[in-house]
Amino acid sequence: MAQWTSAVGATQLARLLTSQQTRPAGPGSRRPPAYRALADGIRMLVLEGRVPVAARLPAERELAVSLSVSRTTVAAAYEALRTEGFLESRRGAGSWTAVPAGNPLPARGLEPLPPEALGSMIDLGCAALPAPEPWLTRSVQGALEELPPYAHTHGDYPAGLPELRQMLAERYTARGIPTMPEQIMVTTGAMGAIDAICHLFAPRGERIAVESPSYANILQLMRETGARLVPVAMADGLGGWDMDRWRQVLRDAAPRLAYVVADFHNPTGALADEDQRRRLVDAARSSGTVLVVDETMSELQLDTDLPMPRPVCGFDPAGSTVITVGSASKAFWAGMRIGWVRAAPDVIRSLISARAYADMGTPVLEQLAVNWLLNTGGWESAVEVRRAQARENRDALVAAVRRELPGWEFEVPAGGLTLWVRTGGISGSRLAEVGERVGVRVPSGPRFGVDGAFEGYVRLPFTVGGAVADEAAARLAAAARLVETGAGAGVETPRAFVA
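Residues numbered from 1 in each chain as written. Predicted model: local features only at pLDDT ≥ 70, side-chain atom pairs only at ≥ 80, totals over all residues. Heavy atoms only, no water.

(A) Main features of the packing of aromatic side chains. Tallying each qualifying case throughout the model produces 6 aromatic pairs. Between phenylalanine 454 and tyrosine 457 the ring centres are 5.8 Å apart and the planes differ by 80°, which places this aromatic pair in the edge-to-face class. Tyrosine 457 matches phenylalanine 454 in its accessibility class, with the two residues each being buried. Among the aromatic residues, ring-to-ring pairing joins Trp420, Phe448, Phe454 and Tyr457 into one connected group. Across from the ring centre of tryptophan 135, 4.8 Å away, lies the NZ or CZ of arginine 138, which sits over that ring. (Phe/Tyr/Trp six-rings, centres within 6.5 Å; stacked < 30°, edge-to-face > 60°. Buried < 20%, exposed > 50% of the residue type's maximum accessible area, 1.4 Å probe, protein only. Lys NZ or Arg CZ within 6 Å of the ring centre and 35° of its normal.)

Below is the structure:
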């Protein structure tokens with residue numbers, strides 16, 4: 001059985017190699033041999049996630065023609081990559097990309113900081129903001145007032161409270177997506193929703209196509225269900241999806257599920273346009289792939305002049321291809337563990353039936369709190385507070401990073417909660433390790449990739465602003481200097497920082 005899960009054509013690989021940003025050679029430096037330059041180029045494409053791990057590479061002769069080099073050059077480059085652990089081959093199956101064995105990959109999410117570390121450590125590990133008061137307190141008070149009738153029942157609502165299902169259905173309808181309450185299931189956060197979907201549609205061993213990079217916690221959840229992840233590289237910068245790659249993966253790998261974040265993608269912040277959404281739904285329908293669309297960031301539009309595209313499910317009127325997941329955790333507060341699924345009624349019935357063997361249902365009080373917010377206009381007011389908070393933090397963090405780390409590269413997203421940063425050739429994993437020693441916590445790029453990609457990246461969330469953002473960037477700059485000089489060992493965490 002072949003070990004590759006996707007393929008890169010010769011023309012596509014040649015285009016990617018040509019588009020690489022090359023740094024000018026220093027004085028007196030010598031150009032590497034052609035095979036070495038080619039091997040280094042492919043290795044960098046793998047580490048940056050632009051060519052997925054476990055992607056079959058073109059045959060030597062095909063790539064030689066596309067690059068206008070000799071077959072001997074390509075053969076020598078492939079052999080160098082095999083020696084370094086970035087390529088595996090088998091007679092009859094071809095060659096596919098890999099990452100060297102022996103280095104544990106950061107897969108799980110960052111653990112919460114202990115209370116005693118909160119004063120001295122600036123935590124950029126979690127893309128979540130404090131609750132937008134007074135709306136949290138008001139929603140809980142409103143929920144308590146509405147609780148007594150439910151207290152006289154069993155309290156077990158596997159599909160969610162009927163009132164909340166009705167309200168969520170009306171909100172989709174108001175967005176131009178006609179929806180019945182029977183198409184809604186309330187879950188314990190978006191993670192609970194996606195876990196249920198994966199167990200129903202992609203039992204152990206099934207393939208799931210995922211954006212590369214993608215949300216770290218979802219990747220780990222899918223790994224633990226036994227799924228085989230098929231990464232699909234994002235377009236450059238904030239360009240959204242690379243539709244040529246998506247069509248190829250859906251056709252060749254035939255994944256059972258595909259998971260995407262169309263609105264202010266986590267971690268890149270990209271926003272897929274309407275044409276990309278339409279084409280991806282069409283491609284998924286043709287391949288028989290169920291498209292799971294994460295809308296948890298959809299309301300976090302920070303640039304007010306940006307026209308928002310239609311929801312992805314709007315391009316699937318029959319409801320046979322797209323399953324939409326939403327949540328209160330990003331738009332409102334991470335401590336409000338309420339999520340939901342919108343899908344065809346038969347899919348919702350199957351999810352509800354399967355739920356009886358998992359978590360039974362979602363807490364009633366929190367459902368009442370979200371329903372209160374949606375009914376009273378409190379949701380819109382709270383989200384506006386959240387947008388203003390995130391916008392201010394984004395601008396402060398961008399300015400601080402540009403000032404302290406001018407060699408780092410990124411594009412400023414128009415929404416969401418995260419900045420995806422290329423670290424100028426510095427190892428993101430090493431930077432994360434040394435960063436904790438100088439008092440700043442940051443997740444490295446490989447957490448958001450499959451099998452070791454994105455070593456040269458970190459994710460910075462819009463969770464700090466003002467003087468704290470300035471100090472966070474200063475500490476990141478200090479960590480970067482220590483990594484570059486190899487002097488990161490033995491550095492003590494600083495005393496408490498007070499903004």
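The discussion continues.
(B) The confidence of the model for the protein chain, seen in detail. For the protein chain, the average pLDDT comes to 88, and 90% of its residues sit at 70 or higher. Taken as a whole, residues 22–29 scores under 50 in pLDDT and shows 2 contacts with residues more than four places along the chain or in a different chain. A low-confidence stretch, residues 103–109 (pLDDT under 50), is modelled with 13 contacts involving residues beyond four sequence positions or located in other chains. (pLDDT = per-residue confidence, 0-100. Contact = heavy atoms within 4.5 Å.)

(C) Main features of the side chain of glutamate 295. Take glutamate 295: it is sitting in the loop between strand E10 (290–294) and strand E11 (322–327). At 3.5 Å, the side chain of glutamate 295 and the side chain of tyrosine 172 are in polar contact. If we skip the residues at most four places from it in the chain, glutamate 295 touches Tyr172, Arg175, Asp263, Pro311, Thr324 and Val325. (Helix = DSSP H or I, 4+ residues; strand = E, 2+ residues; numbered from the N terminus. Polar contact = N/O pair within 3.5 Å; in protein donor to acceptor, adjacent residues only side chain to side chain.)

(D) Structural detail: the sheet that holds E10. The mixed open sheet is built from 7 strands, whose spatial order is E6-E12-E11-E10-E9-E7-E8. Strand pairing shows two members of the sheet lacking a second neighbour, strand E6 (184–187) and strand E8 (228–233), which therefore form its edges. Each strand axis lies, on average, 20° off the axis of its neighbour in the sheet, ignoring direction. The pairing of strand E7 (residues 207–212) with strand E9 (residues 257–260) spans 3 bridges and is parallel. Following the sheet pairing, alanine 209 is matched in E9 by alanine 258. Where helix H10 (residues 243–253) meets the sheet, it contacts E7, E8 and E9, and its direction lies at approximately 155° from that of E8. (Pairing = 2+ DSSP bridges. Axes fitted to C-alpha atoms, helices over the stretch in contact; angles between N-to-C directions.)

(E) Highlighting the packing of helix H14 (residues 378–404) against helix H16 (residues 466–485). At a minimum axis separation of 9 Å, H14 and H16 run at an interaxial angle of 30°. In this structure, the crossing between H14 and H16 has a hand that is right-handed. Residues Ala396, Leu397, Ala400, Val401, Arg403 and Glu404 of H14 form the contact with H16, whose own contacting residues are Gly466, Ala469, Asp470, Ala473, Ala474 and Ala477. Taken together, the residues of the contact of H14 with H16 break down into 8 nonpolar, 1 polar and 3 charged. (Left-handed = near helix turned anticlockwise from the far one by under 90°. Nonpolar A, V, L, I, M, F, W, Y, C, P; charged D, E, K, R; others polar.)

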